[in-house]
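# Summary of the model geometry
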Amino acid sequence: MSVLARTDLAFQRCIDPACAATYSVDEVLTACPVCGNLLDVAYDWDRLRPPGSFEVFERKWLQRGDPLAVSGVWRFHELLPFAPRETLVTVGEGQTLLSVSDPVGAFVGLRPGRLHLQYEGLNPSGSFKDNGMAAAFSHARLIGARRAACASTGNTSASLALYCAVTRLMRGIIFIGSGKISYGKLSQALDYGALTIQIAGDFDDAMARVKEVAGKLGIYLVNSVNPFRLEGQKTIMFRVLESLGWDVPEWIVVPGGNLGNSSAFGKAFAELRALGLIDRVPRLAVINAAGANTLHELYERRGLRWLGGRADLAPACHYYDELDRDRRRADTIASAIEINRPVNLNKCLRALETCDGVVRQVSEQEILDAKAQVGAGGFGCEPASAASVAGARQLVAEGVIGRDERVVCILTGHQLKDPTATVAYHTTDQKLFNDTLGSRGVSRASFANRAVSVGNRIDEIVQAIDLYG
Ligand code: F0G
């Protein structure tokens, strides 16, 4: 297959089937100019003739000298062929692992060998965002953008800043809410040299402002309303399948914030099925934090559905009005998903339809306990990522996920992104615990691994090791 010998082989298309307006990949759009809905990147698969089997991707592992074959995103270029090879940008993203974790599986309630953790914290900037950023930067290069912006709870901004610093293709401008970003993530943006604008508001405010500013100043937006970014995030699912020998698991469980990942995963599976590369899709579980639970509220409580694109989205508007009226703001220790107005809501509803999805919400206590279990299992993650494990546990307890089913939880971000939450959970300092977690309704740290304090004396140290070692 020749990737993009002709530019009309890839195009942008409105996700509303009644509109389905199409636009060239050369255009920079974050919504359909005709009807305002979200846009997909679409392909003329009949003419592109993608590979008839997965083997072509596996063979690329052998080409270690070619950065595009090694990239966990561009190894799958044939499945996201919107830009020619010469414009593709990689900093080595996507070298991530799918691992079975029986200790975490036991915590979740699954039989041995059934729980898999897809550890996206291994990406260059420490989160799954790099998958999408490689794709967004490739598109930005294609259209010649010089400045890029995003609103962020911290990981998109870290990723944008890193790609700017490494590639020198664009100047990065990031918008963050006040006091809403963990130091691990903030330090990345500052260190990589992005222009960091802290606005008086939260993520939802920052998102609204960056859209306005990007439109006004013609700055390239790399938030997940950018359909090209989601193309990169599809590859997380390709790698999961690759690790499972192309065998589709029963469940994918992912935290939900702005709903980019869940949307990308649904699109990935719909496309693989349409291409005949898989014959069934997994079920999808999207997990909200209870303090930022818009999707759960709309999907599980108010019955909002995609209905093949014929959804009446009025319940979402009513819900947002209620939030405004009651001055309710997203609030969770899982700051990465502290979002009340997910920009990809419509696409996520479509993904939930594709994958017969469910949505759950998990408490701060559940998130932190799951996070401690993930850490004890050897895969540290940040609080938002642990929502996937906490959600899987809930679904097993409910009997929605069977104990024998194969479940893949996506660990979206690295443990070191947010050490404050980790230290507060394991601390012996009651004040630190109360101030950081107690104030959020967390009453216990059941899986805490507390430091043992001893005097600066050999006998005390030996005694402590005898006692606890
Ligand atoms: N997990 C982590 C670690 C994240 O950083 C995010 C999103 C999510 C989960 C939610 O993913 O938006 O695809 O549903 N972080 C964004 C940011 C919002 O600005 O870094 P989603």
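How each quantity is defined
Residues numbered from 1 in each chain as written. Predicted model: local features only at pLDDT ≥ 70, side-chain atom pairs only at ≥ 80, totals over all residues. Heavy atoms only, no water. Helix = DSSP H or I, 4+ residues; strand = E, 2+ residues; numbered from the N terminus. Rg over C-alpha atoms; globule rule 2.2 N^0.38 Å. Buried < 20%, exposed > 50% of the residue type's maximum accessible area, 1.4 Å probe, protein only. Contact = heavy atoms within 4.5 Å. Areas by Shrake-Rupley, 256 points an atom, 1.4 Å probe, with all protein chains shown as cover. Lys, Arg positive; Asp, Glu negative; His and termini not counted. Charge placed at Lys NZ, Arg CZ, Asp CG, Glu CD. pLDDT = per-residue confidence, 0-100. Pairing = 2+ DSSP bridges. Axes fitted to C-alpha atoms, helices over the stretch in contact; angles between N-to-C directions. Salt bridge = Lys/Arg side-chain N within 4 Å of Asp/Glu carboxyl O. Polar contact = N/O pair within 3.5 Å; in protein donor to acceptor, adjacent residues only side chain to side chain. Near = heavy atom within 4 Å.

This brings us to the overall build of the protein. A tally of regular secondary structure across the protein gives 18 helices and 13 strands. The C-alpha radius of gyration of the protein comes to 22 Å, within 12% of the 23 Å expected for a compact globule of 469 residues. With respect to the principal axes defined by its C-alpha atoms, the protein has extents near 75 × 50 × 45 Å. Split into buried and exposed, the 469 residues of the protein put 59% on the buried side. Looking at the protein alone, contacts between residues at least 24 apart form 72% of all its contacts between residues at least 6 apart. Surface accessibility of the protein: about 18,500 Å² in total, with carbon and sulfur atoms responsible for 50%. Each charge sign in the protein was given a centre, from 51 positive and 51 negative side chains, and these centres are 2 Å apart.

For the protein, the mean per-residue pLDDT works out to 95, and 99% of the residues sit at or above 70. Under a pLDDT of 50 for its full length, residues 1-6 has, in the predicted model, 19 contacts with residues more than four places off or in other chains.

Read across the open sheet, the three strands follow the order β2-β1-β3; overall the sheet is antiparallel. On the outer flanks of this sheet lie β2 (22-24) and β3 (39-43), each paired with one strand and no other. If you compare each strand with its neighbour and ignore which way they point, the axes differ by 35° on average. Packing of helix α9 (residues 227-243) onto the sheet brings it into contact with β1 (10-14) and β3, and relative to β3 it is tilted by some 60°.

This part is about the sheet that holds strand β11 (residues 283-289). Overall, mixed pairing links the six strands, which are arranged β4-β5-β13-β10-β11-β12 in an open sheet. Edge strands, defined here as strands with exactly one partner in the open sheet, are β4 (97-100) and β12 (358-362). When the angles between neighbouring strand axes are averaged without regard to direction, this sheet yields 25°. Pairing analysis gives three bridges linking strand β10 (residues 251-255) to strand β13 (residues 407-411), with the strands arranged parallel. Considered in β13, the bridge of Ile-252 is made with Val-408. In the packing of α9 onto the sheet, contacts are made with β4, β5 (115-119), β10 and β13, and the angle to β5 comes to roughly 135°. Of the strands in this sheet, β11 and β12 are in contact with helix α13 (residues 345-354), which crosses β11 at around 140°.

Enumeration according to the criterion identifies 36 salt bridges in this entry. As a salt-bridge pair, Asp-326 and Arg-328 come within 3.7 Å of each other at their nearest N and O atoms. The class of Asp-326 is partly exposed, set by a relative accessible area of 37%. Here the salt bridges share partners, and the residues they tie into one network are Glu-231, Lys-234, Lys-267 and Glu-271.

Before going further, it helps to spend a moment on the environment of Arg-450. Along the chain, Arg-450 turns up in the loop between α17 (430-436) and α18 (458-468). Between the C-alpha atom of Arg-450 and that of Thr-428, which follows or precedes it by 22 residues, the distance is 6.3 Å. Sequence-distant contacts of Arg-450, defined by excluding residues within four places in its chain, comprise His-426, Thr-427, Thr-428 and Ala-445. At 3.1 Å, the side chain of Arg-450 forms a polar contact with the backbone oxygen of Thr-427.

A word on unusual backbone geometry. Most peptide bonds are trans, and most residues other than glycine sit at a negative phi. With a phi close to 50°, Ala-20 is a non-glycine residue in the positive phi region. Take Ala-20: it is sitting in the loop between β1 and β2. A residue is classified by how much of its surface remains accessible, and Ala-20, at 32% relative accessible area, is partly exposed. Even without being a glycine, Leu-259 presents a positive backbone phi close to 70°. Looking at where Leu-259 falls in the secondary structure, it is placed in the loop between β10 and α10 (260-274). The class for Leu-259 is buried, based on a relative accessible area of 2%.

Turning next to the site of the ligand. Taken together, 21 residues sit near the ligand, with Ser-152, Asn-155, Asn-258, Leu-259 and Thr-412 positioned nearest. One of the backbone nitrogen or oxygen atoms of Leu-259 is found 2.8 Å away from an oxygen atom of the ligand. Asn-261 places a main-chain nitrogen or oxygen 2.8 Å from an oxygen atom of the ligand.

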